[in-house]
Amino acid sequence: MTLSPGAKKFVTGFVDYGWPVGFVIAYFITHDTVQATWGMVAGAALALVIGFVVEKRIAPMPLVAGLIAVLFGCLTLFFHDDRFIKVKPTVTSVAFGLFLIGGMVLRKNPLKILLGKAFQMPDEGWRKLTWRYGIFFLCVAGLNEFIWRTQPDATWVLFRFPGLSIIHVLFGFSQVPLMMKYAKIDEPPPVPPIE
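Note that the coordinates shown come from a computational prediction; the quantities given were computed from them, not determined experimentally. (Residues numbered from 1 in each chain as written. Predicted model: local features only at pLDDT ≥ 70, side-chain atom pairs only at ≥ 80, totals over all residues. Heavy atoms only, no water.)

Student: Would you mind going over the packing of aromatic side chains with me for this structure?
Tutor: By convention here, two paired aromatic rings are described through the distance between centres and the angle between planes. Summed over all chains, the structure comprises eleven aromatic pairs. Residues F79 and F84 carry aromatic rings whose centres are separated by 5.5 Å and whose planes lie at 25° to one another, so their mutual orientation is stacked. For F79, a relative accessible area of 49% translates into the label partly exposed. Among the aromatic residues, ring-to-ring pairing joins F96, Y133, F136, F137 and F171 into one connected group. (Phe/Tyr/Trp six-rings, centres within 6.5 Å; stacked < 30°, edge-to-face > 60°. Buried < 20%, exposed > 50% of the residue type's maximum accessible area, 1.4 Å probe, protein only.)

Here it is, written out as C-alpha cells:
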C-alpha cells in the first residue's frame, strides 16, 4: 500500500501514540484508571495492527512499547488494580536507564549500536550522550513514582500523556548542542591549486 507522505506521518504517529491517547480519552470519559486501561489495551492492539497492515512490518520500538502496554494493561484489568498501569512508566524507564548505563559499564555503547547509522559521532560523544540518557531515564522513573503516589489520578494521566512525551522531546532538544559538538561532518574534497 502506497501512502502519501502526510498519511504515512499520520500512521506513524498513530502507531507511536495510539495507546496513550486511547488511555487518556477513556480516562476522561470514565474517570476511572482501571476502566481507562481498556482504551489503552485497545489502542495498543489497534496501533500494532494498523502499523503492520500499512507498513507490512512493525518497527521494533513501537512493538516493544505496545507489548509492554498490553502486558501492564492486562495485569491492571485482571487484578482490577491500577497500580500496574501506574508503575509501567517507572518499569520501562528503569529498564531503559539500566540498559544504557549497564552497557557503558560493560564497555559497550548501546545508544551507538541503536543510532550509529543515523548519526555519526566519535566514541566520546556517544559515551556522554548515553550516560545522559541513562540518567535521564532513571530520573523520569523517579518523577513518575512521585507523581502517581502524591497526585490525583487526573494529574497523573496528563503527566503520562502528553506530559512524558513533552519531557522526552525537550530533553532530546537539550542534547542537540552535544551532538552538534561531536557531529562528524563530511569534509568537502580539497580544491586543487590553480597552476
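Student: Could you clarify how one ought to interpret the environment of W156 in this entry?
Tutor: Here W156 lies in helix α7 (residues 153–174). The exposure class assigned to W156 is buried, which follows from its relative accessible area of 1%. Sequence separation of W156 and A7 is 149 residues, and the distance between their C-alpha atoms is 31 Å. When sequence neighbours within four positions are dropped, the list of residues in contact with W156 reads F23, I85, K86, P89, N144, I147 and W148. At 2.9 Å, the side chain of W156 forms a polar contact with the side chain of N144. (Helix = DSSP H or I, 4+ residues; strand = E, 2+ residues; numbered from the N terminus. Contact = heavy atoms within 4.5 Å. Polar contact = N/O pair within 3.5 Å; in protein donor to acceptor, adjacent residues only side chain to side chain.)

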